[in-house]
2 protein chains.
Amino acid sequence: MKTTNATHQIQTIAQIQAVLANERSLGRSIGFVPTMGALHEGHLSLIEQARKDHDVVVVSIFVNPLQFGEGEDFETYPRDIHKDQETCQEAGVDYVFYPSVEEMYPDVASVELKVVQGVDVLCGKSRPGHFDGMATVVLKLFHIIQPDTAYFGQKDAQQVAVVKQMVKTLAVPVSIHACPTVRESDGLAKSSRNVYLTAEERKQAPMLYQSLLDVKPLALSGAQRDELISFVRDRISTISSGEIDYVDVLSYPKLEAEASLSGTIIIALAYQFSRARLIDHILIEV
Amino acid sequence: MKTTNATHQIQTIAQIQAVLANERSLGRSIGFVPTMGALHEGHLSLIEQARKDHDVVVVSIFVNPLQFGEGEDFETYPRDIHKDQETCQEAGVDYVFYPSVEEMYPDVASVELKVVQGVDVLCGKSRPGHFDGMATVVLKLFHIIQPDTAYFGQKDAQQVAVVKQMVKTLAVPVSIHACPTVRESDGLAKSSRNVYLTAEERKQAPMLYQSLLDVKPLALSGAQRDELISFVRDRISTISSGEIDYVDVLSYPKLEAEASLSGTIIIALAYQFSRARLIDHILIEV
């Protein structure tokens, strides 16, 4: 059923709705990969999974101003639409939807989405409003694309948790598929923000993931939350530049701090290098 | 294409989703009438319009706790599911969806909808949170039912405005059809809350609409906003029991108070009788 046509490049909501209504009327299922562009192997793994599961694959590329705070990198976030379009073409994407900010937000919003669970921790703590803005654009994109399944990188663990909980709370008719984090050969999680790293920082950055691998046996042996946090903090404080934003251990996907750990837990960290703020995590069953 | 089967009575989200997925797979279009039950001729006019426009008609009956404030009439809101089911059967409704509160809200909400436009006026002023709760349940019902068109009574003018604006902001793939207010022979707008009126109040209640009919020529002659408000207040202050909640004149559907009136305006009022709070309005082109 896979179409072998060239990738269609679409900029307006009306046009993507029209072509997808047509695909749907032909009985084709739709897999959707929402992105902010700067596509890397992590995104490609999502596209590949969507191609396996569905007849039609849609990738959106939209750097969403709502999810950037004051002083964050909205203006400088890496953008290269032509390279991304080529990447999508090579990956067999059927439709690239890349609306302008004016197309997505033509008017003052009449309603706002407020995420009230799992946001006062991890990245939500240092990025107030980030998940509200992310949830708003994801819900709007779901309404526009109406996919059967949407694919997200598990790397953004809190994003995945928030999207899954939103879909449950509002009964959004979309399945959420989280794909494993894709890593460089030295373990560094692939991220669009890795391009911000200096050469020296790039050398030291794999310690982030290494610290998570190292803490795993300790977590499995029944160590307390505080011990695990201290262990990871000690390990990554060996990085000579930048500073720790957070290290935390929480239940997953509810993201609650529980004294006694059981079930699925997330050990998560964020580290601020000179220009790149990187995140990583592992999920463990304890 | 209209099915002539008996009305199906459905209480779970999973079941209504399954039957409507089947209807959709047969190429049938869906008209949806969301209600809080206590069905009257106003609701019947919505059902009739939905039957005209679509192959399948779904009515939801759900008294939504989120849209009632402290001290409002959630507990005592008129409920008679058996009578409503019969009414739907007679009106040729295909599916009645009447979930429990636990079915609609099984968990603590992970996200909340906040209406930020057109809510600090009219009913929004005296019912804080009402439109947030209404918008949340309407969006969730839209996700569950996935109708082509949803039908609302124009009588709840602010509700219609909020729903239309929400659909626009979030690109919800549902058409909104507002049907004219249905009235008793003496002009009183049909409302589920009319049953709360005492015999004496029922006699005086038609003055609400009469005041709006009487102010119309004044509005068309170019009177100022304040004059129109005073005129209506004077007229309805002749009612011997109860008190005015508000009388206001705003642009429609943006619901903004503008000194110089032009375009479509709404002249709206709310009146508190001993147990019934009634609303009414007219729209005028000036």
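Residues numbered from 1 in each chain as written. Chains lettered and ligands numbered in written order. Predicted model: local features only at pLDDT ≥ 70, side-chain atom pairs only at ≥ 80, totals over all residues. Heavy atoms only, no water.

**Let's talk about the UniProt feature "binding site: (R)-pantoate" (unreviewed entry) in chain A**
All names here are of chain A. The UniProt record marks Gln-67 and Gln-159 with the feature "binding site: (R)-pantoate" (unreviewed entry), using the residue numbering of this structure. These annotated residues cover 93 residues of sequence, and their C-alpha atoms lie no more than 11.3 Å from one another, placing them together at a single site. By the secondary structure assignment, Gln-67 is in the loop between strand E3 (56–61) and helix H3 (81–90). Overall, the relative accessible area of 8% leaves Gln-67 in the buried class. Those residues in contact with Gln-67 that lie beyond four places of it in its chain are Met-36, Glu-72, Arg-127, His-130, Gly-133, Met-134 and Val-137. (UniProt positions renumbered as here; feature names shortened; annotations may be inferred. Helix = DSSP H or I, 4+ residues; strand = E, 2+ residues; numbered from the N terminus. Buried < 20%, exposed > 50% of the residue type's maximum accessible area, 1.4 Å probe, protein only. Contact = heavy atoms within 4.5 Å.)

**A closer look at the pairing of strand E6 (residues 149–153) of chain A**
Residues and elements named next belong to chain A. Buried residues dominate E6, accounting for four of its five residues. Judged from the two bridges that link them, strand E2 (residues 30–35) and E6 form a sheet pairing that is parallel. For Phe-32, the partnering residue across the bridge sits in E6 and is Ala-150. Traced from E6 through helix H7 (residues 157–169) to strand E7 (residues 175–179), the parallel crossover comes out right-handed. (Pairing = 2+ DSSP bridges. Right-handed = clockwise from strand over helix to strand, strands pointing away.)

**Brief notes about the sheet that holds strand E1 (residues 8–10) of chain A**
Residues and elements named next belong to chain A. Taken together, six strands build an open sheet; the order of strands is E1-E4-E3-E2-E6-E7 and the sheet is parallel. The open sheet terminates on both sides in strands that have one partner only, identified here as E1 and E7. For this sheet, the mean inter-axis angle between neighbouring strands, taken without regard to orientation, is 25 degrees. One ladder, built from five bridges, connects E6 with E7; its direction is parallel. Bridging from a neighbouring strand, Gly-153 pairs with Cys-179 of E7. Packing of helix H1 (residues 13–25) onto the sheet brings it into contact with E1, E2, E3 and strand E4 (95–97), and relative to E4 it is tilted by some 150 degrees. Lying over the sheet, helix H2 (residues 41–53) contacts E2, E3, E6 and E7, oriented at roughly 155 degrees with respect to E6. (Axes fitted to C-alpha atoms, helices over the stretch in contact; angles between N-to-C directions.)

**Thoughts on the relation of the copies chain B and chain A**
Note on the identical chains: chain B maps onto chain A by a rotation of 180 degrees and an axial translation of 0.0 Å, with an RMSD of 0.0 Å. Classification of the inter-copy transformation places it as that of a two-fold axis. Relative to the rotation axis, the closest C-alpha in chain B is found at B:Leu113, a distance of 2.4 Å. Residue by residue, 100% of the interface of chain B is reproduced at the interface of chain A, so both copies engage with the same surface. (Least-squares fit on C-alpha atoms with pLDDT ≥ 70 in both.)

**Examining the packing of aromatic side chains**
Scanning all chains against the criterion turns up twelve aromatic pairs over all chains. Pairing B:Phe68 with B:Tyr77 gives two aromatic rings, centres 5.8 Å apart and planes at 75 degrees, and the pair type is edge-to-face. You can call B:Phe68 buried: its relative accessible area is 10%. For B:Tyr77, a relative accessible area of 7% corresponds to the buried category. Here the aromatic cluster, defined as three or more aromatic residues joined through ring pairs, consists of A:Phe32, A:Phe142 and A:Phe152. The residue whose ring lies beneath A:Arg183 is A:Tyr209, and the NZ or CZ to ring-centre distance is 3.3 Å. (Phe/Tyr/Trp six-rings, centres within 6.5 Å; stacked < 30°, edge-to-face > 60°. Lys NZ or Arg CZ within 6 Å of the ring centre and 35° of its normal.)

**Section: the environment of A:Pro253**
All names here are of chain A. Relative to the helices and strands, Pro-253 resides in the loop between strand E8 (243–251) and strand E9 (264–272). You can call Pro-253 partly exposed: its relative accessible area is 31%. Sequence separation between Pro-253 and Leu-39 is 214 residues; the distance between their C-alpha atoms is 26 Å. With residues near it in sequence (within four places) discarded, Pro-253 still touches Ala-161 and Gln-165.

**Details of the side chain of A:Ser192**
Residue and element names in this part refer to chain A. If you trace the backbone, Ser-192 turns up in the loop between E7 and helix H8 (199–204). Overall, Ser-192 belongs to the buried group, its relative accessible area being 9%. Of the polar contacts made by the side chain of Ser-192, one reaches the backbone oxygen of Ala-38; its length is 3.1 Å. Setting aside its immediate chain neighbours within four residues, Ser-192 contacts Gly-37, Ala-38, His-40, His-43, Tyr-77 and Pro-78. (Polar contact = N/O pair within 3.5 Å; in protein donor to acceptor, adjacent residues only side chain to side chain.)

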